[in-house]
Amino acid sequence: MSNNTFNQIPMVDLKEELTLIRTPILEMVTEVLNSGEYILGEKGEKLEKLVAEYVEASYGIGVANGTDALQLSLMALDIGPGDDVITTPFTFFATGETIAQVGAQPIFVDIEEANYNMDPSKIEEAITQNTKAIIIVHLNGKSANMKEIMAIANKYNLRVIEDACQAIGTEYDGSRVGAIGDIGCFSFFPSKNLGAFGDAGLVTTNHKALYEKISQLRNHGSEKKYQHSSIGMNSRLDELQAAILLVKLYYLDIFLHKRKEVARRYTEKLNNLLKKPPISENREHTFHQYCIELDKRDELVSELKNNGIASAIYYPIPLHLQQAFHYLHYKKGDFPIAEKTAEKILALPISPTLSFQKQDYIISTVNKFLENNG
Ligand SMILES: *Cc1c(COP(=O)(O)O)cnc(C)c1O
């Protein structure tokens, strides 16, 4: 039986977060409603400018969601049928899906055991004559090893797209992710570290030509109304979501700091029998997820559930074993680190608003389980 006095601790408590920012959000929403301007207006432009500045990129382009950010990036790089794109099998499905969506072939490369990101030492053997680009993913808010990845990309003249959907504000060697490769892709799905109240996304780049191309592609390949220079998409960022994101961007650093504090406390107090996120000097973690690893993962999930604590598995099935990618003819055993991780990994609740009391309750529930099942 649950002795949890908090009823239910969700993975991320968006309702609690809203109580802190409700007033400025409602003011902004009212402003947009009164403006009569709902798509491609002043709020969206401001958000593009401020997110680009935040990420330290030259340009930002608001789009409908993170998936479209990836797809538009591939389209802007003219990637399509006959091209190979290297990516990680240990990510959200959209990373691989968009490669297939533009008609290119996803080529998977296994991950590093420590940080769950693409293992740079395994990239070169996956490169073929058809390889055009690499999509790296900064999983859970921890940067991939960009120095080695960029060196390989430069050596083989490959474009680099950063799937930074989980990693706004994450730093690598003092640079923000999303501005290190050719293009950065961000998602503002509600549960992301910077979340809208619906779908939204953004692309960042330092290249003017890519900026112009993606700006057109997201709006039916059009620069001027009813003149279309290419086949694009309808993938714009609504003014209402942009306005909400402007308020939330203002609080982002505070919320990221809170996440890091929760993570520090977890790392300090959780039983050392667990594998915890490693700390690396030049790869700061913004903890979109705080993931542990253990053999009796599924038993711990039930124990947490019985005690009113949510937990989540990101991700239970690596992309190469997804039915949708059956046609690529990968098989079990192809990417052993990703497969092993999928069986052991577990994300614990990590809201910026998670109280000390709740943190301690989660920590003691996990530790008690380990003492009894170690
Ligand atoms: C969330 C996410 C996406 C997709 O973003 P949406 O806004 O949901 O389309 C893509 N890649 C990764 C790694 C994500 O976490």
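In what follows, the structure referred to is the one given above.
Residues numbered from 1 in each chain as written. Predicted model: local features only at pLDDT ≥ 70, side-chain atom pairs only at ≥ 80, totals over all residues. Heavy atoms only, no water.

S.K.: Describe unusual backbone geometry, and please don't skip the residues or the numbers.
M.R.: That bond from Tyr-314 to Tyr-315 is cis: its omega, 5 degrees, falls within 30 degrees of zero. Summarising the element assignment, Tyr-315 is placed in the loop between helix H8 (297-306) and helix H9 (336-344). The backbone phi angle of Glu-56 is positive, close to 70 degrees, even though this residue is not glycine. The topology assignment puts Glu-56 in the loop between helix H2 (42-55) and strand E1 (59-63). Phi angles above zero are rare outside glycine, and Asn-157 is one such case at about 55 degrees. Within the secondary structure layout, Asn-157 lies in the loop between helix H5 (146-156) and strand E5 (159-163). (Helix = DSSP H or I, 4+ residues; strand = E, 2+ residues; numbered from the N terminus.)

S.K.: An account of the environment of Lys-332 is requested, with residue identities and associated values reported.
M.R.: With respect to the helices, strands and loops of the structure, Lys-332 is situated in the loop between H8 and H9. Its relative accessible area of 60% is what places Lys-332 among the exposed residues. Expressed as a C-alpha distance, the spacing of Lys-332 and Leu-194, which sit 138 residues apart in the sequence, is 35 Å. Excluding residues that lie within four positions of it along the chain, Lys-332 makes contacts with Leu-321, Glu-339 and Glu-343. (Buried < 20%, exposed > 50% of the residue type's maximum accessible area, 1.4 Å probe, protein only. Contact = heavy atoms within 4.5 Å.)

S.K.: Just give me the short version of the packing of aromatic side chains, but keep the residues and values in it.
M.R.: Applying the stated criterion across every chain yields a total of 15 aromatic pairs. An aromatic cluster is defined as three or more aromatic residues linked by ring pairs; in this entry it consists of Phe-93, Phe-108, Phe-325, Tyr-327, Tyr-330 and Phe-335. When the ring centre of Tyr-54 is taken as reference, the NZ or CZ atom of Arg-176 above it lies at 4.3 Å. In this arrangement the basic side chain of Arg-265 is found over the ring face of Phe-356, its NZ or CZ atom lying 4.2 Å from the centre. (Phe/Tyr/Trp six-rings, centres within 6.5 Å; stacked < 30°, edge-to-face > 60°. Lys NZ or Arg CZ within 6 Å of the ring centre and 35° of its normal.)

S.K.: Can you tell me about the environment of Cys-291, naming the residues and giving the values?
M.R.: Turning to its location among the elements, Cys-291 is positioned in strand E12 (residues 290-293). For Cys-291 and Lys-258, which are 33 residues apart along the polypeptide, the C-alpha to C-alpha distance reads 16 Å. Apart from the residues lying within four places of it in its own chain, the contact partners of Cys-291 are Tyr-116, Asn-140, Lys-275, Lys-276, Pro-277, Ile-345, Leu-346 and Ala-347.

S.K.: Now, about the site of the ligand: what can you tell me, with residues and values included?
M.R.: In the vicinity of the ligand lie 14 residues, with Gly-66, Thr-67, Asp-163, Ser-187 and Lys-192 positioned nearest. Within the backbone of Gly-66, a nitrogen or oxygen atom sits 2.8 Å from an oxygen atom of the ligand. Take Thr-67: an N or O atom from its side chain is 2.5 Å from an oxygen atom of the ligand. Taking 380 Å² as the accessible area of the ligand by itself, protein coverage stands at 92%. Judged by the proximity of its atoms to the pocket grid, the ligand belongs to the largest pocket. Of all the secondary structure elements, the ones that give two or more residues to the shell around the ligand are helix H3 (66-76) and helix H4 (93-101). When grouped by side-chain class, the residues that make up the shell around the ligand number five nonpolar, seven polar and two charged. (Near = heavy atom within 4 Å. Polar contact = N/O pair within 3.5 Å; in protein donor to acceptor, adjacent residues only side chain to side chain. Areas by Shrake-Rupley, 256 points an atom, 1.4 Å probe, with all protein chains shown as cover. 1 Å grid on protein atoms, 1.4 Å probe; cavity = no way out; pocket = protein on both sides within 12 Å on 5 of 7 lines; lining within 4 Å. Sits in = over half its atoms within 2 Å of the grid points. Nonpolar A, V, L, I, M, F, W, Y, C, P; charged D, E, K, R; others polar.)

What is shown is where atoms sit, not what they do.
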